[in-house]
Amino acid sequence: MTEPRWFSQPYPPEGASAAEGIRNQLGRPELDLLTILVRESAQNSWDARQTESSEPVDYRIDLRTVGPAHIGAWRELVLNGAPVTAHLPLRDSLKHGTVWMMAISDRGTNGLGGPTRADNAIGDDRDFVSFVRNIGEPRNTVLGGGTYGFGKGIFYLLSKCGTILVHTRCRTGDGTYESRLIGCALWKSYVADEPTGERRYTGRHWWGDASGEVIEPLVGAEAESMARRLGLRPFGPQETGTTIVVIDPLLEDLQPAQAADYLAETAAWHLWPKMIATGSGQPAMRFTVSCDGREHPVPDPRQTRPLDMFVAAYEAMIGPDGTDVECGRPRRFLGRMGLVTRIMLPLEPTRASRMLGIEDLIHHVCLMRPAELVVTYHPGPKPPSVNQGYAGVFRGDPGMDDVYAKAEPPTHDAWNPQSLEHPESTFVRTTFRRIHEAIDGLLSLGGTARSGAAKVALGAASSLFSGLVGGAWGIGGATDYGRPGSTATTSSRASEADEREAPEPTGKEHVPTGTASVANRPAADHGSGGGQDVGTVSSTDTPAYGAGSTARRRPRVQYVGEPYYDDLTETTVLVQEFRLPVPGRQRVRADLAVTLPGSGGREIDPPLGAQMPELLGWQDADGRLHAGPSCEMDGSDVVWRAVVRPAPDTMTEIDIKVAAVTTL
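Counting restarts for each chain, with residues numbered from 1 along the sequence as it is written. Per-residue local features of the predicted model are confined to residues with pLDDT of at least 70, and side-chain atom pairs are confined, for both listing and counting, to 80 or more; whole-chain, interface and lining totals are unaffected and use all residues. Side-chain calculation: all heavy atoms of the structure are included, whereas hydrogens and water are not.

Caption draft 1: Local environment of the nonpolar core. In these notes, a set of buried Ala, Val, Leu, Ile, Met, Phe, Trp, Tyr and Cys residues joined through side-chain atoms within 4.5 Å is what counts as a nonpolar core. For the exposure calls, accessible area comes from a 1.4 Å probe over protein chains only, and a residue counts as buried if that area is under 20% of its type's maximum, exposed if over 50%, partly exposed in between. Counting 78 residues, the largest nonpolar core has Met102, Phe155, Ile164, Trp272, Phe310 and Tyr377 as the members making the most contacts within it. Ranked by size, the runner-up nonpolar core spans 29 residues in total, among them Val78, Trp207, Leu230 and Val245.

Following this line, the structure appears as structure tokens:
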């Protein structure tokens, strides 16, 4: 059996690329190395898919230690003929007590086929030499995600010793299957003292069959046997694909399990278009992340906020609600776009979302080329409320793919029109202009938001001035509310208010433009009563008297805290907590209305096709939701919740009314 060993590349007379130059081809990206790894490796897997197969591409990231059963083989075989540490720090990495590796693998792909020598790679089938030998080779995949293959440098950058193993299985020209295994390293160029004098080396190294004039991969049974000795994931009898093993990976400041969680979330943010079901009923790719054998689930974009908004925008884009994006001069069809807006809770930013510049508010358009891999999340103007968000998806037309590809840096995470010549630069600039025009139309809300206006969300600003509006309580386009228990104070009447009847209402108050109203509630001092007593009783909400009974206290509603947004299954709802402090059986109902920004009026009859707030039900202390326009309950200190689906782009009014239930 062939014993693999290392070969270090000397500079040939005609010159060659130094390792430092290859490592620096990614530039200085804004994304971290783990994020670039997910993006670039998944893009490689997608470009290598078997186009004739309808099965999803299987993509995995396995972060694990080299176990006791295999560490001896690693130290014996992988270090055979390795350069000294000063020229390649592989020995230091493999002498640690615990050796970590990260295996990035795909199945259902073509593997790295074609010739193994660069001088023999004449035709289109040259995947092996494109990945292992050559640098900066143009793509040969139509509408592929990659361009010049610089992204493979991320594997070397992520290794503390700049070393990877490549295990692949492909189909040969005669239709048989062939396994291949080779090691590759990129570190630094250097000068070595040799018996014949000093000699310069490029800093590139390969590990494999060194018996010929060019180092070759182990192939066939030898490759499979060596992979088993090293504990690498095997291939099935008719399975093709590639596994890249990063030795001693850099995990930033994360522990391995934390890194696995981060990789899983990062995959969702950057690869969600490949996770959603297509017309065939299954996604284009399957994603798995594990750490030492324990799976770390990749979030489902349809069930995960705020990715579900981008999924909705994607479906709008491919459906009748999508819009064509065009350039007028010179005339060119640029692509399709979809936009959605929703009432939403503020986000809790994560490490993965912060890497994309997404904090507590979604106001972004996801840019993608026809390969449907996320390029970036382009931020638009902030909506007028901190409780409103929008998401968009723009997909370039296939006829524009080369233009958008040329506008990308090596990490494929931006479109830079300044890097293009006319008219291509015009097409990219016009793309951004059309996107912002669509967003301006989405946020106009009767002209209250326009390009060039203040960049501070008006909802947050108006909250600061809400104390100037006496007797007005708000929710909707101008007010930011958190959950109970937040730093917001709870309004209440003095405790003695519980002992007297509430006055009859004198009429509804309307709040000025820029605020929103929940109900016409009397102004109250802040205190410890735990709620706000409201005596809003209509002519039908009269005190009840049983047969032969004496007059009793009139039922009333005590509002508990401020209204707030919450999640109910997949819906963002508006919640008002309340209690009924007067004993006895009572029936509550909700009077819902909207106030449009700038209208100053209360609307209970919507225009044709317009939405109105909808009462979803009454939630008791045990979390059970009682559907129906009204609900019977006993007066007590128990807190109930009125759950309302607010109308988009409006300010919602909630007025809870109560009446005693007559007993005979």
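More follows now that the structure is in view.
Caption draft 2: Summary view of the side chain of Ser179. Counting through the fold element by element, Ser179 comes out in strand S5 (residues 177-186). For Ser179, a relative accessible area of 2% gives the class buried. Side chain to side chain, Ser179 and Arg169 meet in a polar contact 3.4 Å long. Helical segments are the DSSP runs of H or I of at least four residues, strand segments are the runs of E of at least two, and each set is numbered from the N terminus. What qualifies as a polar contact is a pair of N or O atoms within 3.5 Å, subject to a donor-acceptor requirement within protein and to the restriction that residues adjacent in sequence count only when both atoms come from side chains.

Caption draft 3: How the structure looks around the pairing of strand S10 (residues 285-291). A large share of S10 lies buried, amounting to six of its seven residues. DSSP bridges decide pairing: two strands pair if at least two such bridges lie between them. Bridging between S10 and strand S11 (residues 294-295) involves two bridges; their strand directions are antiparallel. Each residue of the ladder has a partner; that of Ser290, found in S11, is Glu295. What sits between S10 and S11 in their antiparallel hairpin is a turn of two residues, with Asp292 showing a positive phi close to 50°.

Caption draft 4: Quick peek at the pairing of strand S7 (residues 197-208). As judged from the five bridges shared by strand S1 (residues 5-10) and S7, these two strands associate in the antiparallel manner. From the neighbouring strand, Pro10 faces S7, where its bridge partner is Tyr201. Direction of pairing for S5 relative to S7: antiparallel, over a ladder of four bridges. Note on S7: the bridge partner recorded for Ala185 is His205.

Caption draft 5: Summary view of the packing of aromatic side chains. Planes of paired rings set the category: under 30 degrees apart is stacked, over 60 is edge-to-face and the rest tilted, where pairs are Phe, Tyr or Trp rings (Trp by its six-membered ring) whose centres lie within 6.5 Å. With the rule as written, the count across this model stands at 10 aromatic pairs. Seen in terms of ring centroids, Phe394 and Trp415 are 6.1 Å apart; in terms of plane orientation they differ by 90°. Their pairing is edge-to-face. With Phe394 in strand S16 (residues 388-396) and Trp415 in the loop between helix H11 (401-406) and helix H12 (424-443), this pair connects stretches of sequence that are 21 residues apart. One exposure class covers both Phe394 and Trp415, and it is buried. Taken together, the ring pairs connect Trp269, Phe310 and Tyr377 into an aromatic cluster. Charges are assigned to positions over rings by a cutoff of 6 Å between ring centre and Lys NZ or Arg CZ, combined with an angular limit of 35 degrees from the ring normal. Here the guanidinium or amino end of Lys274 rests over the ring plane of Trp46, the centre of that ring lying 3.5 Å away. Over the face of the ring belonging to Tyr262 we find Arg351, whose NZ or CZ atom lies 5.3 Å from the ring centre.

Caption draft 6: Seen up close, the sheet that holds strand S15 (residues 374-379). The five strands lie next to each other as S12-S13-S16-S14-S15, forming an open sheet whose pairing is mixed. Only two strands of the sheet have a single partner each, and these edge strands are strand S12 (323-327) and S15. Between one strand and the next, the sheet's axes are offset by a mean angle of 25°, whatever the strand orientation. Across five bridges, strand S14 (residues 363-368) lies against S15 in antiparallel orientation. Across the sheet, residue His364 finds its bridge partner in S15, namely Pro379. Whether two residues touch is decided by their heavy atoms; if any such pair falls within 4.5 Å, the residues are in contact. Between the N-to-C directions of two axes lies an angle of 0 to 180 degrees, each axis being a line fitted to C-alpha atoms and, for a helix, fitted only over the stretch in contact. Sitting on the sheet, helix H9 (residues 307-318) touches strand S13 (332-343), S14, S15 and S16, and the angle it makes with S16 is about 50°.

Caption draft 7: Summary view of the pattern of salt bridges. A pair is scored as a salt bridge if a Lys or Arg side-chain nitrogen falls within 4 Å of a carboxyl oxygen belonging to Asp or Glu. All chains considered together, the criterion is met by 27 salt bridges. The salt bridge partner of Glu224 is Arg169, with a shortest N-O separation of 3.8 Å. Of this pair, Glu224 sits in helix H7 (residues 220-230) while Arg169 sits in strand S4 (residues 163-171), and the two are 55 residues apart along the sequence. Residue Glu224 is classed as partly exposed on the basis of its relative accessible area, which comes to 32%. Accessibility expressed as a relative area gives 9% for Arg169, which makes it buried. Close ionic contact of Lys406 with Glu424 constitutes a salt bridge, the shortest N to O distance being 2.8 Å. Remark: Glu424 occurs in helix H12 and Lys406 occurs in helix H11; sequence separation between them is 18 residues. Three or more residues are tied together by salt bridges with common partners; here these are Arg585, Arg587, Glu632 and Asp634.

Just geometry here; none of it tells us what the structure is for.
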